[in-house]
Amino acid sequence: MKNYLLVLVLVIISCKNEPKQTNKAAGPSIKKDSIVTVDSTLLKEEKKAEMPALDSVKDTAFVRLADYSDDFVYEMKYATTDNFLKAQVYDCGECYVRAITARALLKANKAFMEKGYRIKFFDCYRPHDVQKKMWKIVPNATYVADPAKGSIHNKGGAVDITLTDLEGKELDMGTPFDFFGRKARHAYQNLPEEVLDNRKLLKSTMESFGFGAITSEWWHYNYKPTLNYKIANFTWDCK
């Protein structure tokens with residue numbers, strides 16, 4: 001009996017000291033505190049590396065500006081309720097334009113940056129369905145282009161912009177974006193000299209790269225080669 005008990009004790013001790021088996025098929029275990037993080041900057045660079053060169057893209061194709069430059073500033077007003085419509089009409093804020101427009105914007109922004117400024121966008125390409133939505137909210141051609149005729153925004157050739165310094169602070173343009181009054185007109189001169197100089201800088205530089213202003217809105221610029229493009233209803237995915 002004593003011999004039997006001795007053998008049993010030795011077996012138990014042997015089992016306790018035996019190395020624990022692991023499931024090799026399941027792979028190595030990962031500690032909770034060893035999660036690997038990926039640099040978002042590297043992800044952006046990888047995505048840009050996958051994009052075709054802008055010069056190789058067809059003029060009429062739509063491109064997302066952020067895929068081709070990190071130098072712009074964005075505050076897409078119609079993706080919020082902070083606009084004259086008091087309504088959000090974009091599911092998410094993105095700045096798309098035709099490729100031909102994008103190339104001109106990149107050149108213009110380079111010229112601004114050499115002087116210490118950057119382009120800030122309030123609106124870019126606008127799908128025709130969004131134009132209809134805006135017209136339904138404010139059916140007044142003084143403020144919203146009639147979707148029956150469409151807007152240059154619907155063609156991917158118009159942008160609503162201002163300027164910031166290189167840190168992103170907006171230059172004083174005298175009125176907010178989408179201020180529909182005399183003070184927003186290019187011809188209005190009863191403004192501080194600084195404001196007039198800022199508007200002149202924006203207008204003269206944009207015009208030198210093929211953009212045209214409209215008389216009533218200091219922020220709106222049409223890229224002239226797109227004026228005869230067809231109205232589009234391309235929509236982008238929100239991620």
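Bear in mind that the values here come from a model prediction, so they are computed numbers and not experimental data.

The rules we used
- Note that residues are indexed from 1 along each chain, following the sequence as it is written.
- Per-residue local features are limited, in this predicted model, to residues with pLDDT of at least 70; the limit for side-chain atom pairs, both in listing and counting, is 80 or more; totals at the level of whole chains, interfaces and linings are taken over all residues.
- Only hydrogens and water are removed before side-chain values are computed, so all heavy atoms of the structure are retained for them.
- A pair is scored as a salt bridge if a Lys or Arg side-chain nitrogen falls within 4 Å of a carboxyl oxygen belonging to Asp or Glu.
- Helix and strand assignments come from DSSP, with helices taken as H or I runs of at least 4 residues and strands as E runs of at least 2, each series counted from the N terminus.
- A strand pair is defined by DSSP finding two or more bridges across the two strands.
- To define axes, lines are fitted to C-alpha atoms, for helices over the stretch in contact only, and angles between the resulting N-to-C directions are given on a 0 to 180 degree scale.
- Throughout, the term roughly parallel applies to angles under 35 degrees, roughly antiparallel to angles over 145, roughly perpendicular to angles from 65 to 115, and oblique to all others.
- Crossing handedness follows the turn of the near helix against the far one: under a right angle anticlockwise gives a left-handed crossing, and clockwise gives a right-handed one.
- Throughout, a residue-residue contact means that at least one pair of heavy atoms, one from each residue, lies within 4.5 Å.
- For this scheme, ten residues count as nonpolar: Ala, Val, Leu, Ile, Met, Phe, Trp, Tyr, Cys and Pro. Four count as charged, namely Asp, Glu, Lys and Arg, and the remainder, Gly too, count as polar.
- Only protein chains enter the accessibility calculation, which uses a 1.4 Å probe; a residue is then buried when its area is under 20% of its type maximum, exposed when over 50%, and partly exposed in between.
- In summary, the charge assignment counts Lys and Arg as positive and Asp and Glu as negative, without counting His or the chain termini.
- This arc is built from the directions going out from the helix axis to the C-beta atoms.
- Aromatic rings from Phe, Tyr and Trp, with only the six-membered ring used for Trp, were paired whenever their centres fell within 6.5 Å, and each pair was classed as stacked if the ring planes differed by under 30 degrees, edge-to-face if by over 60, and tilted otherwise.
- Criterion for a disulfide: a pair of cysteine sulfur atoms at a distance within 2.5 Å.

It is worth spelling out the pattern of salt bridges at this point. Counted according to the given criterion, the structure contains 10 salt bridges. The salt bridge involving E94 is made with R64; its shortest N-O contact spans 2.9 Å. Of this pair, E94 sits in the loop between β2 (73-74) and β3 (96-98) while R64 sits in strand β1 (residues 62-64), and the two are 30 residues apart along the sequence. Residue K120 is joined to E170 by a salt bridge in which the shortest nitrogen-to-oxygen separation is 2.7 Å. Of the two residues, K120 sits in strand β4 (residues 117-123) while E170 sits in the loop between β5 (158-165) and α5 (193-208), which places them 50 residues apart along the sequence. What you see here is one network of salt bridges that share partners, running through E75, K77, D82, K120 and E170.

Below, the discussion takes up the sheet that holds β2. Read from one edge to the other, the open sheet built from five strands follows the order β2-β4-β5-β7-β6, with strand pairing classed as mixed. The strands lining the two open edges of the sheet, one partner per strand, are β2 and β6 (211-214). Sheet topology note: the β6/strand β7 (residues 217-223) ladder contains four bridges and is antiparallel. Each residue of the ladder has a partner; that of G212, found in β7, is N222.

Orientation of helix α3 (residues 99-114) relative to α5, taken along the N-to-C sense of each, is 135°, at an axis distance of 10 Å. The angle between α3 and α5 falls in the class oblique. Our pair here, α3 against α5, has a crossing hand that is right-handed. Seen from α3, the contacting residues are L105, A108, A111 and F112; seen from α5, they are L201, L202, T205 and M206. Residues that form the contact of α3 with α5 fall into these classes: seven nonpolar, one polar and no charged.

With respect to the helices and strands, the residue R199 is situated in helix α5. An unpaired buried charge is present at R199: no salt bridge exists, and D172, the closest side chain of opposite charge, is 7.5 Å distant. Once residues within four sequence positions are removed from consideration, R199 is found in contact with M173, G174, T175, K183, A184, R185, Y188, L191 and W218.

This part is about the pairing of β4. Of all seven residues in β4, six are buried, a share of seventy percent or more. Sheet analysis places β4 next to β5, joined by six bridges and oriented antiparallel. Along β5, the bridge assignment pairs Y117 with D165.

With that out of the way, let us pick up helix α4 (residues 128-137). Among the residues making up α4, those that are buried are H128, V130, Q131 and M134. Taken down its axis, α4 places every buried residue within 155° of arc, on the same side.

This part covers the packing of aromatic side chains. For the structure on display, the rule yields 19 aromatic pairs. Plain terms: the ring middles of Y125 and F234 are 5.9 Å apart, the flat faces sit at 35° to each other, and that makes the pair tilted. Of this pair, Y125 sits in the loop between β4 and α4 while F234 sits in the segment after β7, and the two are 109 residues apart along the sequence. A relative accessible area of 30% means that F234 is categorised as partly exposed.

As a further point, take the state of the cysteines. Counting across every chain of the model gives two disulfides. Each sulfur of the disulfide joining C95 and C124 lies 2.0 Å from the other. Handedness of the C95-C124 disulfide follows from its S-S torsion of about -90°: it is left-handed. Taken as a pair, C95 in the loop between β2 and β3 and C124 in the loop between β4 and α4 lie far apart in primary sequence, 29 residues in all. Take C95: its relative accessible area is 2%, and that puts it in the buried class. Under the relative-accessibility criterion, C124 is labelled buried at 0%.

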